[in-house]
Amino acid sequence: MANVYGKKTRIRNDFPSAARTSTVASEGSALPEAFDESLLMINITAVSGTAPTLVVSYQVSPDDGTTWFTKSSTATLSATGQTLVTLPDTIGRFYRLNAVIGGTTPSFTFAAWVEFKRTGEG
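These remarks concern the structure in this document.

Conventions and cut-offs
- Residues numbered from 1 in each chain as written.
- Predicted model: local features only at pLDDT ≥ 70, side-chain atom pairs only at ≥ 80, totals over all residues.
- Heavy atoms only, no water.
- Core = buried A, V, L, I, M, F, W, Y, C linked by side-chain atoms within 4.5 Å.
- Buried < 20%, exposed > 50% of the residue type's maximum accessible area, 1.4 Å probe, protein only.
- Helix = DSSP H or I, 4+ residues; strand = E, 2+ residues; numbered from the N terminus.
- Phe/Tyr/Trp six-rings, centres within 6.5 Å; stacked < 30°, edge-to-face > 60°.
- Lys NZ or Arg CZ within 6 Å of the ring centre and 35° of its normal.
- Polar contact = N/O pair within 3.5 Å; in protein donor to acceptor, adjacent residues only side chain to side chain.
- Contact = heavy atoms within 4.5 Å.

A word on the nonpolar core. Judged by nonpolar contacts, the single largest core of 23 residues is most densely connected at L40, I42, L54, Y58, F110, V114 and F116. Counting residues per element, the ones that place at least two in this core are β5 (37-60) and β8 (94-117). At nine residues, the largest contribution of residues to this core is made by β8.

A few words now on the packing of aromatic side chains. How two aromatic rings sit relative to each other is set out by the distance from centre to centre and by the angle between their planes. A complete count under the given rule lists five aromatic pairs for this structure. The interplanar angle of 40° and the centroid separation of 5.5 Å between the aromatic rings of F35 and F116 together place this pair among those described as tilted. One end of the pair, F35, is in the loop between β4 (29-30) and β5; the other, F116, is in strand β8, and 81 residues separate them in sequence. The exposure classification of F35 matches that of F116, with both residues buried. Relative to F116, the ring of Y95 lies with its centre 5.3 Å away and its plane at 65°, an arrangement referred to as edge-to-face. By relative accessible area, which is 0% here, Y95 ends up buried. Stacked on the ring of F110, the Lys or Arg R20 has its end atom at 4.6 Å from the ring centre.

Along the polypeptide, S61 turns up in the loop between β5 and β6 (69-73). Of the polar contacts made by the side chain of S61, one reaches the side chain of D63; its length is 2.8 Å. One polar contact links the side chain of S61 to the main-chain amide nitrogen of G65, over a distance of 2.7 Å.

With that settled, consider the environment of S17. Relative to the elements of secondary structure, S17 occurs in strand β2 (residues 9-20). Given the relative accessible area of 54%, S17 is considered exposed. Residues S17 and A112, 95 residues apart in the sequence, show an inter-C-alpha distance of 7.7 Å. Non-local contacts of S17, meaning those with residues more than four positions away in its chain, are made with T109, F110 and A111.

This next bit is on unusual backbone geometry. A positive phi angle is found at A51, which is not glycine, with a value near 50°. One can find A51 in strand β5. The exposure class assigned to A51 is exposed, which follows from its relative accessible area of 57%. The phi dihedral of D64 falls on the positive side, at around 55°, and the residue is not glycine. Considering the arrangement of structural elements, one finds D64 in the loop between β5 and β6.

Okay, here's the thing in structure tokens:
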């Protein structure tokens, strides 16, 4: 996972661009500090299969990755394009992305990032 760090922003590339044909979860990550805002960004560049579907969820864990709860999800995606989801204010300390892929012989080539922002001083 490639990370970009600024004074008040963290961008994490949880899913580098690749073709995926089945449900997959990113590695769980602990956030080193508190953030006020966050965005989930998804870029789908190729889709194939019969009735392919993709739903990407932002999940949080209270026990560092043993148990996962879905905090927010995209609508069902089925075509190329870009999707931006504003995540809830309380984003959790330990998170991952989960991509559920469905359909008959589906394939999605996509990348997904989460951008965390701190609006206060520091």
